[in-house]
Amino acid sequence: MPKITNNIRRLRFDHNEMTQEELANKVGCTRQTIIALEQGKYVPSIWLAFQIARTFNVNLEEVFRYEE
Amino acid sequence: MAPLQKRAWWGLGIGLVLAIAFLLVFILKGGIETFDKDVTFRLIIDALLIGSLVANLIIVNLPLRQRGMVDERDRLITDRAPRVQWVAVILTLAAWTIALNEVYQETGLMPALLLYVMFMSILIISTLAQSLGILIGYWMMDRNAKNN
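Conventions adopted
Residues numbered from 1 in each chain as written. Chains lettered and ligands numbered in written order. Predicted model: local features only at pLDDT ≥ 70, side-chain atom pairs only at ≥ 80, totals over all residues. Heavy atoms only, no water. Buried < 20%, exposed > 50% of the residue type's maximum accessible area, 1.4 Å probe, protein only. Helix = DSSP H or I, 4+ residues; strand = E, 2+ residues; numbered from the N terminus. Arc of directions from axis to C-beta. Contact = heavy atoms within 4.5 Å. Polar contact = N/O pair within 3.5 Å; in protein donor to acceptor, adjacent residues only side chain to side chain.

A.B. asks: Run through helix α2 (residues 20-27) of chain A, naming residues and quoting values.
C.D. replies: Residues and elements named next belong to chain A. All of the buried residues in α2 are Q20, L23, A24 and V27. Considered in projection along α2, the buried side chains sweep an arc of 100° and stay on one side of the axis. α2 presents N25 and K26 as exposed residues on the side facing more than 90 degrees away from its buried surface. As for α2, its buried residues are in contact with α1 (8-14), α3 (31-38) and α4 (46-56). Of the residues flanking the end of α2, it is G28, one or two places downstream, whose phi is positive at about 85°.

A.B. asks: Go over the side chain of Q20(A), please, and point to the residues and values.
C.D. replies: Residue and element names in this part refer to chain A. Considering the arrangement of structural elements, one finds Q20 in helix α2. Classification of Q20 as buried rests on a relative accessible area of 17%. Side chain to side chain, Q20 and E38 meet in a polar contact 3.0 Å long. Not counting chain neighbours up to four residues away, the residues in contact with Q20 comprise R12, R31, I34, I35 and E38.

Next comes the structure, spelled out in structure tokens:
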């Protein structure tokens, strides 16, 4: 079954070791949702996905990957 | 644990305590006949009922309106919680219907006050089921992620 993976954890560390809390505050979600995203337990809405990509100043595909 | 998840646990815990208190007071005070005649008893039961509803409102429902308390993942889970409430209400109604029918079928008469008691019990169960639905939602989200 196809799944969506992400590089959020790596991108956080690459951006001045941003904490989960800081990222959550910037994108408008809870820290638990960032944790769930990084653990692959939750697939975000397109809105949240774009918010995360914009926070890291990268394209959406650099944050999220669709794997067959 | 998400803030809403913590509140759902609190809501469930307090709701259960109040529901058990409601049941104990009702049984210890003499049941439906006493409920009909004793005003103080009725007021105690009403207070327990209102207490459980207010507790649920403060602990579970009001935070849903606060900015920053819930996000899209939390809203997805709370939007699905009514399914559990619906099942709980239907099962409760079925249990009441069967029980009352078995008890009062021969006489064909049922105290009207039982309708009040039925309504109170369904209200309490629906409130508890909302917290349970939220907790089940979080659990299923974790479980489905592991299966994928």
